[in-house]
Amino acid sequence: MTKLTQAEIQEKAKILSGWERVGESLQCQRRFKDFVEAIAFINKIVEPAESANHHPDLSISYNRVSITLTTHDAGGLTEKDFALAQVISQIE
């Protein structure tokens, strides 16, 4: 997978709502009613991440889930990161 150029990243970021670029990654935070809902959300990410063979870094703090996407092998952002971010954005 090839690392995207700065221009490509800026163009793709325009159509991605709720995510921000932090260095060589995309990050998103979601807040839920409680811990159970936060875990249920994380469980919904498993199948699309496995299907894409691209796994986000996840952290949970009670009802908050932080998601970080980057392609470690490429050393930065690739098409895979933006594609998975779009899928995750659709998950409730």
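Residues numbered from 1 in each chain as written. Predicted model: local features only at pLDDT ≥ 70, side-chain atom pairs only at ≥ 80, totals over all residues. Heavy atoms only, no water.

- Looking at an unreviewed UniProt entry, the protein chain carries the name Putative pterin-4-alpha-carbinolamine dehydratase, with the source organism given as Roseofilum reptotaenium AO1-A.
- UniProt lists a comment for the protein chain under the heading Catalytic activity (unreviewed entry), and it reads "(4aS,6R)-4a-hydroxy-L-erythro-5,6,7,8-tetrahydrobiopterin = (6R)-L-erythro-6,7-dihydrobiopterin + H2O". (UniProt positions renumbered as here; feature names shortened; annotations may be inferred.)

**Thoughts on the overall build of the protein chain**
No. 1: Regarding its fold elements, the protein chain presents three helices and four strands.
No. 2: Sequence-ordered secondary structure for the protein chain, helices as α and strands as β, is α-β-β-α-β-β-α.
No. 3: Projecting the C-alpha coordinates of the protein chain onto the three principal axes gives extents of approximately 40 × 25 × 20 Å.
No. 4: Looking at the protein chain residue by residue over its 92 residues, the buried ones come to 36%.
No. 5: Across the protein chain, every contact between residues at least 6 apart in sequence was considered, and the portion connecting residues at least 24 apart equals 66%.
No. 6: Entry remark: accessible area of the protein chain is about 5600 Å², with carbon and sulfur atoms responsible for 50%. (Helix = DSSP H or I, 4+ residues; strand = E, 2+ residues; numbered from the N terminus. Buried < 20%, exposed > 50% of the residue type's maximum accessible area, 1.4 Å probe, protein only. Contact = heavy atoms within 4.5 Å. Areas by Shrake-Rupley, 256 points an atom, 1.4 Å probe, with all protein chains shown as cover.)

**With respect to a nonpolar patch on the surface**
No. 1: A cluster of nonpolar side chains, F35, V36, I60 and Y62, forms an exposed patch at the surface whose accessible area comes to about 410 Å².
No. 2: Here Y62 is to be found in the loop between β3 (57–61) and β4 (64–69).
No. 3: Y62 sits in the exposed class, given a relative accessible area of 52%. (Patch = residues over 30% accessible without salt bridge, like charges linked within 9 Å, V, L, I, M, F, W, Y side chains within 5 Å. Salt bridge = Lys/Arg side-chain N within 4 Å of Asp/Glu carboxyl O.)

**Here's the deal with the environment of T68**
No. 1: Structurally, the position occupied by T68 is in strand β4.
No. 2: Residues T68 and S25 lie 43 residues apart in sequence; the distance between their C-alpha atoms is 6.5 Å.
No. 3: Contacts of T68, omitting those with residues within four sequence positions, involve S25, L26, Q27, P56 and D57.

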